[in-house]
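# Descriptive structure summary
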4 protein chains.
Amino acid sequence: MKKKEYNKELYHLQVQLVKFQKHLIEKDKKVCVIFEGRDTAGKDGIIKRFTEHLSSRDSRTVALGVPSDIEKKSWYFQRYVPQLPHGGEIVFFNRSWYNRAGVEKVMHFCTPKQHKLFLEEVGNFEHLLVSSDMVFFKFYLDISKKEQERRLKSRKVDPLKQWKLSPIDQKASSLWDAYTEARNEMFLKTNFAFAPWVVIHSDDKKEARLNGIKYFLSKVDYPGKDDKLLVFDNDVILQMDSENIKRCYH
Amino acid sequence: MKKKEYNKELYHLQVQLVKFQKHLIEKDKKVCVIFEGRDTAGKDGIIKRFTEHLSSRDSRTVALGVPSDIEKKSWYFQRYVPQLPHGGEIVFFNRSWYNRAGVEKVMHFCTPKQHKLFLEEVGNFEHLLVSSDMVFFKFYLDISKKEQERRLKSRKVDPLKQWKLSPIDQKASSLWDAYTEARNEMFLKTNFAFAPWVVIHSDDKKEARLNGIKYFLSKVDYPGKDDKLLVFDNDVILQMDSENIKRCYH
Amino acid sequence: MKKKEYNKELYHLQVQLVKFQKHLIEKDKKVCVIFEGRDTAGKDGIIKRFTEHLSSRDSRTVALGVPSDIEKKSWYFQRYVPQLPHGGEIVFFNRSWYNRAGVEKVMHFCTPKQHKLFLEEVGNFEHLLVSSDMVFFKFYLDISKKEQERRLKSRKVDPLKQWKLSPIDQKASSLWDAYTEARNEMFLKTNFAFAPWVVIHSDDKKEARLNGIKYFLSKVDYPGKDDKLLVFDNDVILQMDSENIKRCYH
Amino acid sequence: MKKKEYNKELYHLQVQLVKFQKHLIEKDKKVCVIFEGRDTAGKDGIIKRFTEHLSSRDSRTVALGVPSDIEKKSWYFQRYVPQLPHGGEIVFFNRSWYNRAGVEKVMHFCTPKQHKLFLEEVGNFEHLLVSSDMVFFKFYLDISKKEQERRLKSRKVDPLKQWKLSPIDQKASSLWDAYTEARNEMFLKTNFAFAPWVVIHSDDKKEARLNGIKYFLSKVDYPGKDDKLLVFDNDVILQMDSENIKRCYH
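### Concerning the overall build of chain A
- Scanning chain A from N- to C-terminus turns up ten helices and six strands.
- The C-alpha atoms of chain A give a radius of gyration of 18 Å, which matches the 18 Å a tight globule of 250 residues would have.
- Judged by the C-alpha coordinates and their principal axes, chain A covers about 50 × 40 × 40 Å.
- The 250 residues of chain A split such that 55% are buried.

### Here's the deal with the packing of helix α2 (residues 43-51) of chain B against helix α9 (residues 205-218) of chain B
Residue and element names in this part refer to chain B.
- Where α2 meets α9, the axes come as close as 10 Å, and the angle between the chain directions of the two elements is 55°. If you check the angle between α2 and α9, you find them oblique. Here α2 runs over α9; the crossing is right-handed. Judged by residue contacts, G45, I46, R49 and F50 of α2 engage A208, R209, G212, I213 and F216 from α9.
- Within the contact of α2 with α9, the residues separate by chemical class into five nonpolar, two polar and two charged.

### Description of the relation of the copies chain C and chain B
- Screw-axis analysis of chain C against chain B gives a translation of 0.0 Å along the axis, an RMSD of 0.0 Å, and a rotation angle of 180°. Both copies are brought into coincidence by an operation consistent with a two-fold rotation axis.
- Both copies present the same face, since 100% of the interface residues in chain C are matched by interface residues at the equivalent positions in chain B.

### What about the interface of chain B and chain A?
- Contacts between the two partners involve 26 residues from chain B and, on the opposite side, 26 residues from chain A.
- Contact between chain B and chain A buries roughly 2200 Å² in total, counting both sides, with carbon and sulfur atoms accounting for 60%.
- Linking chain B to chain A there are two salt bridges.
- Of the charged contacts in the structure, one is a salt bridge between D28(B) and K73(A), with a shortest N-O distance of 3.4 Å.
- Connecting chain B to chain A are twelve residue pairs in polar contact (both at pLDDT 80 or more).
- The element contributing the most residues to the side of chain B that touches chain A is helix α5 (residues 112-131) of chain B, with nine residues.
- Split into classes, the residues belonging to the side of chain B that touches chain A amount to twelve nonpolar, eight polar and six charged.

### Comments concerning the relation of the copies chain B and chain A
- Superposing chain B onto chain A requires a rotation of 180° together with a translation of 0.0 Å along the rotation axis, leaving an RMSD of 0.0 Å.
- When the interface residues of chain B are mapped onto chain A, 100% of them again fall at the interface, so both copies present the same face.

### Focus on the confidence of the model for chain A
- For chain A, the mean per-residue pLDDT works out to 94, and 100% of the residues sit at or above 70.
- Note on the complex model: pTM 0.93, ipTM 0.92.

### Thoughts on the arrangement of the chains
- Structurally, chain A and chain C remain out of contact, their C-alpha atoms never closer than 8 Å.
- The two units chain B and chain D remain apart, with a minimum C-alpha distance of 8 Å.

Reading guide: rules and limits
- Residues numbered from 1 in each chain as written.
- Chains lettered and ligands numbered in written order.
- Predicted model: local features only at pLDDT ≥ 70, side-chain atom pairs only at ≥ 80, totals over all residues.
- Heavy atoms only, no water.
- Helix = DSSP H or I, 4+ residues; strand = E, 2+ residues; numbered from the N terminus.
- Rg over C-alpha atoms; globule rule 2.2 N^0.38 Å.
- Buried < 20%, exposed > 50% of the residue type's maximum accessible area, 1.4 Å probe, protein only.
- Axes fitted to C-alpha atoms, helices over the stretch in contact; angles between N-to-C directions.
- Parallel < 35°, antiparallel > 145°, perpendicular 65-115°, else oblique.
- Left-handed = near helix turned anticlockwise from the far one by under 90°.
- Contact = heavy atoms within 4.5 Å.
- Nonpolar A, V, L, I, M, F, W, Y, C, P; charged D, E, K, R; others polar.
- Least-squares fit on C-alpha atoms with pLDDT ≥ 70 in both.
- Buried area = accessible area lost by both parts, 1.4 Å probe.
- Salt bridge = Lys/Arg side-chain N within 4 Å of Asp/Glu carboxyl O.
- Polar contact = N/O pair within 3.5 Å; in protein donor to acceptor, adjacent residues only side chain to side chain.
- pLDDT = per-residue confidence, 0-100.

Here it is as structure tokens:
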């Protein structure tokens, strides 16, 4: 996809996002969008395109650091709750409580018991959110092993991405299979009807961003919605089910 | 019950409470105790006896005021979550999220739909807490109509209780039946096996306090526990079930 | 002083405190009361008598624990600021930012540079509070070495005070002189005209509590103020100046 | 300035910003950067260029909304304090406590007494921050009346900027002189040696962004600092003094 074409399409989608935000502010809607995915999958990038022209006073991006000692001794979800959107707000989570089903599981930052408990209880948590009329999306950005290796390599030499290099990254590649397994278990156990997983094939960043925004907008209502713009590509967007798990990168 | 006898028994129970607190701090336990009940039922009083000799750095009493505009537009449970105990802490709620099943329902501060939703979802919320190993108690202080009237009257002339007179109090008596009905519905729908209601007959304040503390301590473990002290009176403490609802004041 | 007499006088003072609180709520006043003093000086006890009959929804006691890692790396005053009273609230600090001038200095929990900076800057901080119309009191409970030793000893055998025994306590006595020196420097450098120190001789707990409340009430206005009740004892209450420092216990 | 040239220069400056951030994280520095300026002056835009490639887990942009009822009744600075950077963090304020010296003053959202008090006390507040080793910048983006009118007009037709149109904006132009007067008083009274104002002429957005970043970087230290890149233009950057006030737009 050419850059010019991409920019033009992105522009029109961002105009739609602004319309949607105007609407959600007027209606006091709470909107929560989670982005998960392996290292380098493009979470930062897609969130930036979502938020680029939104009112910064009414949208937030949440990227929590390592839990503090007190947080470690608290109810697992407690530190996430104050970050949830209030009425009229849209909040994007760059990683979320699903850390426990991914990096924490794979890196042994949590016990097997904690991991199991999380998978059992997260549905209760999300049901509470959704039943309170929160608009709630769970996106998983999926990349191939080859593309991840390419990006990790380029990250090492890109002077703008020095801070993205962490010891955890370094292991992302050697732990590829462990992450795959954890992801598949997460999809199987937390793909709730009221809060389904949506996978975005992200080897092509431009397609991932455009289709992610299209999917999102196609699922919400707002005045001035232009449905023609919102036809997403079913080879990029996978609505999770037992069949589609197989279409994720392994 | 004579004052001297009461003081002596209370003293021994408070020594047990201190032992329990020492234990919960060492073990990083999270302990959450909710007190509900009609106006004048004695919530302030029993909480004061619980906390009187506890380490103030490791225990808290939470009595939230009216929700702010932003809180009104947020997920109902959101403002309660930061108040929950972290590891090593014991927190007492003087009224709680059950406001929605009581005063908010009766005074029409919430819509019928919000009330219904609360009763449906509160179990999910409490299951999350309990499954995170939070020690969780729900006490309902029950008083008779006659006793409430006596206390409201005495409140009016007691110079130490001036601030307790609110417009909502004034209606407590005329709305007696509406509160009874709301309470019964709450008991029926939110008496979960993992988070049951315990009713304390509270017309006699001294008995209520002593038995409440005994019941609480009898259900937790700690070194130096003196079971002989913790035999509570089954005419004061009612573990809720469809039979015991009838034994509450109507 | 006999217990009966004490209880009677305390009762009348607490009625006055309730009147004052009613007034401060109506007028949206912010009231902040700091209690400092050596271990066992009676901070918990006097605060309990202040708050015993106040509306718990409009008063708070703040006793912060050890700072977290993030707090240690932040502006020193930052963690105290969210605890300050908002309009209509009265807040009691059981120890405060003056930790840095006392226990942190003596126990070497801060650097000499941090201690010096604190003494230089705390006036700016308090001036901000006072000029925002916050009603602000700084009480120092003063006890003699002998009385402290007596209390530390009795604390060891009192089953209700087990949690009060900390390693820092144990050193309170052997570090008596270091604490005296730190206190005197604090008095000399932070006794601001807009935020003066008031010392309460506290070897006699009952006198300390009654006189502390009297002094406090004598300095604020409210309807129904009974000045006759508020005559405090100038041998118990010392308004700090270079002369009165000598009258503190050494 | 051509777009290509601008992008190239911006790229090199952002690489420097990343180097600086790496350094501040390692050294646990606290960095606070305030942006003030009239409506449409370009605050959002310059902040986006500062933050574009920074680690989102270690930088934050703060744009507080209207104060809540409780905040209105609290110490004015209280709601800003939790937003201040902790160690290892860089925080950008899109508008700040200086609201009181600008929009609140002009729109009569505060009393003249509150405005006067703010100007008297803000120095105490900032001295506390700076003396705690916080790295602190105060930028004022200055635009001409003509340029503001042009931007307000274009904002009305730009579909990406619909949410930026507020009733306060509408008055920005007719209240031009009142804002000028308020700004000049702010400069005169709050241009502290320890926290000086730096004006950025912003009619040309590209020059404003590049020079703002250059000025910022020229004033901080970090490994790999390339001074040649950081030579800023003294016709764009005005370090405030009584002479330079005249060079601001009137």
